Amino acid sequence: MTVIPGGLRTLAIERAADGFVRLVFQVPDHRHNVLSREALEDLAAALDLLDGAPPTGVVIVSARPGSFFAGADLQRLAALRDAGQPALVDACDRGRRLFDRLSTSAYATVAVIDGVCLGGGLELALACDLRVATDEPHTALGCPEVKLGLLPGWGGTVRLPRLIGPGPAVEMTASGETCDGSAAERMGLVDACVPAGVAVESAIRLLAIRRRDGSIERRRSRMAEAVTLDPVEREFLESTAAAAILGRTGGHYPAPPAILQTILAGSAVDARAAARIESAAFARLAATPVAGNLLRVFAIGDRNRRDPGVADPLVAAAAPVIANPAVVGAGIMGSGIATRHLRSGFPLVLVDIDEQALTAAVPCILDEAAWDRRSGSADPTAALGHATRLRSAATLASCAGVDLVIESVTERPDVKQQVLADIERVVGPDTVIATNTSTNPIGRLAAGLEAPARFCGMHFFNPVRWMMLVEVVRGPATSDRTVAAVVAHAKRLGKVPVVVSDSPGFLVNRILMPYLHEAGELLREGVPAERIDRAARAFGMPLGPIELYDMVGLDTAFYAGLVLSAAFGDRIEASPVIPALVKAGRLGRKTGAGFYRYAGTGPHARPAGFDDRAGEVIARYAHPPRDTSDRVLVDRLFLPMLLEALRVIDEGLVRDVGDVDLAVIHALGFPAFRGGLLAWGDSLGAAEVVRRLEPLVDLGLRMQPTPRLLDHASSGRPFTP
Ligand code: NAD
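Just so we're clear, the structure is a prediction, and the values are computed from it rather than from any experiment.

A word on empty space enclosed by the protein
By the definition in use, this model includes 3 cavities of 30 Å³ or more. Roughly 120 Å³ of volume is contained in the largest cavity. In terms of lining, the largest cavity is formed by M513, H517, Y549, A557, F558, G561, I572, E573, A574, S575 and I578. Among the secondary structure elements, those contributing two or more residues to the lining of the largest cavity are helix 21 (508-524) and helix 24 (554-568). No other element matches helix 24, which puts 3 residues into the lining of the largest cavity.

Below is the structure:
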């Protein structure tokens with residue numbers, strides 16, 4: 001084998017005696033291969049070299065196990081957005097023309113896909129004559145562009161429908177879901193799925209066979225033509241896919257319907273014309289505010305992925321890597337946290353003083369940990385595997401030898417302080433101790449500990465399986481070592497950790513409370529609960545505030561409200577409605593009645609309409625009615641959240657302004673298409689926010705512009721950097 005030197009930084013060209021050339025990619029300075037400008041230039045240079053002496057065939061492969069190509073370089077895309085439509089169209093055309101060189105070359109080409117093959121990476125693979133994927137669990141093929149408000153712009157919408165059919169192509173690109181090697185083989189996306197050890201060899205053999213039997217030439221001409229789609233099939237696809245897309249996106253995301261239209265229009269014409277349709281559609285989508293917001297959310301998420309949570313990288317590097325964690329408390333939250341650990345492959349000790357609670361929790365935890373989304377049921381083999389790694393116990397003695405304990409017992413400061421002190425007595429001196437408290441100050445819970453430096457908050461959100469955020473709360477004595485260890489551990493659980501300072505409600509509940517409080521005030525003014533919830537959902541929230549009250553539990557909300565009103569009573573008074581409902585036994589979904597009635601009890605109870613008996617309680621505390629246009633409803637619910645977020649920034653509660661948006665998206669389901677709370681504020685502009693607050697200021701301090709807001713309004717500076 002000869003290696004052709006070419007001054008290339010991202011790939012090596014290896015020419016073998018059998019006449020096959022391997023282009024072996026390894027893009028430096030990235031965890032995954034990405035199609036950076038340099039990688040694209042190197043590919044072009046390599047193809048120039050091959051044109052001079054065409055080989056029998058070319059194999060495109062990655063030198064990084066687990067990473068074929070993770071996609072395009074998004075920083076470059078963000079810069080292109082600013083350059084305008086012609087620059088975007090040109091970037092699509094240039095990338096596609098480069099890939100077209102593979103599909104029109106004098107030699108046959110095959111991509112060997114091991115690991116992630118996403119976005120532009122998949123489009124590169126699609127431009128090859130054949131694709132061979134490995135059967136490794138890390139192999140994942142997909143078009144995630146839609147999650148950034150975009151569509152594949154380097155030939156994906158042209159080649160996919162020609163290869164796998166327009167219906168599956170729409171499903172794949174509009175959902176952004178990935179598939180593994182064998183699913184890709186079943187749908188015809190790859191030509192073979194084989195073990196990683198024989199992938200290159202198999203790819204070369206397959207290429208040789210397909211060259212000889214002429215099927216490569218036949219496929220090339222089919223890929224250049226229009227797709228035959230009879231009108232009935234087309235109409236069916238158009239109406240069902242459009243309805244499904246609308247259902248999934250609520251009409252807030254322009255990319256999925258644009259993908260459907262682009263694929264349908266592009267399928268009806270030849271590949272050349274389809275390419276023009278794709279470039280234009282990509283440029284239109286990239287210019288939308290939604291794409292701008294989603295790209296920014298991606299960028300702050302990316303920063304978070306790289307951030308160790310502490311300033312000193314040396315401390316972060318030296319922080320303990322958690323291998324043997326324990327969870328104390330097997331209630332709603334403890335069970336969710338335990339499940340997450342098992343799913344992430346950790347062994348786990350689970351402690352609860354209530355043996356009955358433990359016996360009830362364990363089978364649910366194992367079932368949920370073994371849940372297989374594709375089959376819609378628990379996988380018995382996986383459940384068995386998890387069972388061998390889960391050790392449940394009724395005493396804390398089982399925590400001896402663990403390196404992290406997450407306390408998640410009842411939310412009572414006296415109980416928690418006792419449990420934490422007991423934990424400290426049992427574990428070794430290096431064990432990190434965290435609490436999942438939602439309201440107790442970390443400093444207060446740390447008061448009884450011998451070594452509070454190893455203690456911090458690790459606040460998960462309900463339901464743990466959906467909510468990605470974890471607040472890592474730094475108490476007054478918490479060490480950097482502790483913070484870094486917990487941040488890294490949360491990431492290994494697949495969560496998004498945000499480090500915040502110790503303050504009532506921490507970050508998320510502090511911002512949530514004004515929203516819930518305002519919803520309660522609107523109810524007292526006579527606005528129907530359904531209307532309030534509808535307005536919030538139309539804004540893009542997954543649940544309205546009244547529905548959220550019922551889900552969280554009115555007792556829990558009451559307690560959290562007390563803590564927050566004690567700290568910030570000038571603007572968040574504890575509403576008398578909530579304790580009155582609690583007193584009437586209406587705790588929300590879990591008791592079958594809160595503001596709404598429910599068919600059944602518990603988290604899966606179905607809402608059965610607003611309950612007049614709740615209405616009677618509210619009427620006791622009625623306020624005079626006010627103007628309640630839908631616009632005003634949205635302002636009333638969301639502007640107090642924005643004001644609270646600005647106060648949080650003033651107080652230095654977060655390490656980075658972007659953390660506010662990351663937190664509201666991943667803990668509250670704040671719509672990502674709006675870019676988060678601060679980005680939503682920016683979409684209005686600070687001056688407009690001040691203007692919208694004017695008719696509301698008589699409601700009290702909670703609607704008064706803060707000095708920071710006024711400062712942004714006068715300078716015109718955005719809230720987000
Ligand atoms: P829960 O009542 O469902 O469960 C608490 C569990 O702790 C019970 O099983 C109880 O038997 C156990 N327990 C009590 N004392 C114990 C002790 N001394 N030793 C061991 N186990 C003990 O409560 P939950 O909703 O799971 O809440 C747990 C923690 O999570 C609380 O701090 C709460 O504030 C926090 N939290 C709750 C939510 C939520 O929405 N429920 C969200 C975020 C955080």
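Some remarks on the domain arrangement of the chain
Domain annotation for the chain reports domain 1 (2-287), domain 2 (324-502) and domain 3 (509-715). The C-alpha centroid of domain 2 is placed 42 Å from the C-alpha centroid of domain 1.

Focus: the packing of aromatic side chains
For the coordinates displayed, the defined rule picks out 12 aromatic pairs. A ring pair is formed by Y515 and F638, whose centres lie 5.3 Å apart and whose planes are at 35 degrees; its orientation type is tilted. Of the two residues, Y515 is situated in helix 21 and F638 in helix 27 (residues 630-650); the sequence distance between them amounts to 123 residues. Measuring from ring centre to ring centre gives 6.1 Å for F638 and F670, while their planes differ by 85 degrees; the resulting arrangement is edge-to-face. Here F638, found in helix 27, pairs with F670, found in the loop between helix 28 (658-668) and helix 29 (677-684); they are 32 residues apart in sequence, far enough to count as distant. The two residues F638 and F670 agree in class, both being buried. Taken together through their ring pairs, the aromatic side chains of Y515, F539, F638, F670 and W680 make up a single cluster.

Digging into the environment of L150
Along the polypeptide, L150 turns up in the loop between strand 9 (140-142) and helix 5 (156-164). A relative accessible area of 2% places L150 in the buried class. Remark: the alpha-carbon pair of L150 and A255, spanning 105 residues in sequence, is separated by 5.6 Å.

Basis of the calculations
- Residues numbered from 1 in each chain as written.
- Predicted model: local features only at pLDDT ≥ 70, side-chain atom pairs only at ≥ 80, totals over all residues.
- Heavy atoms only, no water.
- 1 Å grid on protein atoms, 1.4 Å probe; cavity = no way out; pocket = protein on both sides within 12 Å on 5 of 7 lines; lining within 4 Å.
- Points joined across faces, edges and corners; volume = space filled by probe spheres on them.
- Helix = DSSP H or I, 4+ residues; strand = E, 2+ residues; numbered from the N terminus.
- Domains from an automatic or database assignment.
- Phe/Tyr/Trp six-rings, centres within 6.5 Å; stacked < 30°, edge-to-face > 60°.
- Buried < 20%, exposed > 50% of the residue type's maximum accessible area, 1.4 Å probe, protein only.

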